[in-house]
Every structure is written in C-alpha cells, then in structure tokens.
Amino acid sequence: MKRISLNPKNPVFSLQGLNLPTGGYTIVIEVEDTASGSWATSLPAFVTVNQTRDIVIFIDGALQVFQMPPVEIDGRTLVPLRAIFEALGAKVEWDEATQTVTATKDNNTIQLTIGSKVAYKNGKKINLDVPAQLFNGDTTMVPIRFVSEALGAKVGWDAYSNSVVISNE
C-alpha cells in the first residue's frame, strides 16, 4: 500500500510519477477533511501500468508472462495457445494430424485450426479476423479476444498502457 498526499489547491495526480513497475494495481482514493475529521473513500479501480513497449496481458488482475510475448497482427493480439487456454482454466487437446486445438471449460468447447479463419464454439461456426498461426515453427498463437470471450471471460483493451485486461467474473 502506498499513500500519497496531495495539495488541495493543486490536486493533480499521475500514475507515471509513481514509477511503478509493469503490473496491475488497485487504486482507492481517500479524501479527508482535516478540519472536521470526516473522510470519504472511492470504490476500488483496477489500473494497468506498462513500462515496456510490448503488449501485456492481465487475467483477473494478474500480469501474465508467456514464453513468447504477445504479437499484434492486423489489429488483433495473438498469444501462445496453451498458455492462454490454461491461464483461463481450460483443458487443451492438440491434434497434430489436423493441426487443430480443442479446448474445453465448463460447458464450452472451442476448436481452432492453424491457418483457418473459421473456429467453432460448441459446434457453431465463428469467423475470425485473424487465424491461429504457427510462430518460430513451434509456437501456436491464437487471437486472445476470441479465445477469452468464447470461454466466458470479459475482455478489455487499455490503449494507454497497451494492455489486454481479462476478467473471469
């Protein structure tokens, strides 16, 4: 926890001035009237800080670190397949012959094939903007928004910090 006092005559505050490392932080603002002793507290707000130029991923407030960093292709963020499915609590199966991944979580089954712009959720066809792709000959990268939303998560993009924010609520 870090407390910061502000001058009431110039109550300007910037996260950049705190020099926080890359990560997710919960911010609560407390205001105290020293004359009367009364105070008020804001609702907590989750904010992301990214000290890199890379895209970073947060799941339920936790910074995710992948062996291969996220990449952007045609405005879509792709992340390592197994890492994102497992981080979201899905069971992953790989069919080498068809280059297809099947992931299951709760009552959802997702199928993606490398190079195909067609995916399936519970047997229903879904068109993708960017297909799953093989990088460096051994890492399958998948579109994070599609995967996360197909597994029931909420996905947001924080352009200020270049962060994908995923919530399993």
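Structure: see above.
Residues numbered from 1 in each chain as written. Predicted model: local features only at pLDDT ≥ 70, side-chain atom pairs only at ≥ 80, totals over all residues. Heavy atoms only, no water.

## Structural notes on the nonpolar core
So, point 1. The biggest cluster of nonpolar side chains holds 28 residues, and the ones touching the most others in it are Ile57, Ile84, Phe85, Leu112, Val147 and Ile166.
So, point 2. Taken together, the elements giving at least two residues each to this core come down to β5 (56-59), α1 (81-87), β10 (100-105), β11 (108-113), α2 (144-150) and β17 (163-167).
So, point 3. Looking at this core, the element that brings in the most residues is α2, giving four residues.
So, point 4. Residues within four places of Ile57 in sequence aside, it is in contact with Ala62, Leu63, Gln64, Phe66, Pro70, Thr77, Val79, Ile144, Val164 and Ile166.
So, point 5. Within the second largest apolar cluster, six residues are counted, among which are Met68, Leu78, Phe135 and Met141. (Core = buried A, V, L, I, M, F, W, Y, C linked by side-chain atoms within 4.5 Å. Buried < 20%, exposed > 50% of the residue type's maximum accessible area, 1.4 Å probe, protein only. Helix = DSSP H or I, 4+ residues; strand = E, 2+ residues; numbered from the N terminus. Contact = heavy atoms within 4.5 Å.)

## Thoughts on the sheet that holds β17
So, point 1. The strand order β6-β5-β17-β16 describes an open sheet built from four strands, whose pairing is mixed. Edge positions in the sheet fall to β6 (62-64) and β16 (154-158), since each of these pairs with one other strand and no more. Across the sheet, the mean angle from the axis of one strand to that of its neighbour is 25 degrees, orientation sign disregarded. (Pairing = 2+ DSSP bridges. Axes fitted to C-alpha atoms, helices over the stretch in contact; angles between N-to-C directions.)

## So, the environment of Asn19
So, point 1. Looking at the secondary structure, you find Asn19 in the segment before β1 (23-27).
So, point 2. Accessibility expressed as a relative area gives 64% for Asn19, which makes it exposed.
So, point 3. For the pair Asn19 and Lys117, spaced 98 residues apart in sequence, the C-alpha to C-alpha distance is 41 Å.

## A word on the pattern of salt bridges
So, point 1. Using the criterion set out here, one finds four salt bridges in the structure.
So, point 2. Across the pair Arg82 and Glu86 runs a salt bridge, and its minimum N-O distance is 3.4 Å. One end of the pair is Arg82 and the other is Glu86, both in helix α1 and four residues apart, which spans about a single turn.
So, point 3. Classification of Glu86 as partly exposed rests on a relative accessible area of 46%.
So, point 4. Measuring nitrogen to oxygen at the nearest pair gives 3.0 Å for the salt bridge that ties Arg145 to Glu149. Placement of both Arg145 and Glu149 in helix α2 is noted, with a separation of four residues, approximately one turn of the helix.
So, point 5. For Arg145, a relative accessible area of 38% translates into the label partly exposed. (Salt bridge = Lys/Arg side-chain N within 4 Å of Asp/Glu carboxyl O.)

## Description of unusual backbone geometry
Comment: phi is negative for the bulk of residues other than glycine, and the bulk of peptide bonds are trans.
So, point 1. The backbone phi angle of Asp106 is positive, close to 55 degrees, even though this residue is not glycine.
So, point 2. Position of Asp106 among the secondary structure elements: in the loop between β10 and β11.
So, point 3. Judged by relative accessible area, Asp106 falls into the exposed class, the value being 70%.
So, point 4. Not every positive phi belongs to a glycine, and Asn136 is a case in point at roughly 55 degrees.
So, point 5. Within the element layout of this structure, Asn136 appears in the loop between β14 (133-135) and β15 (139-143).

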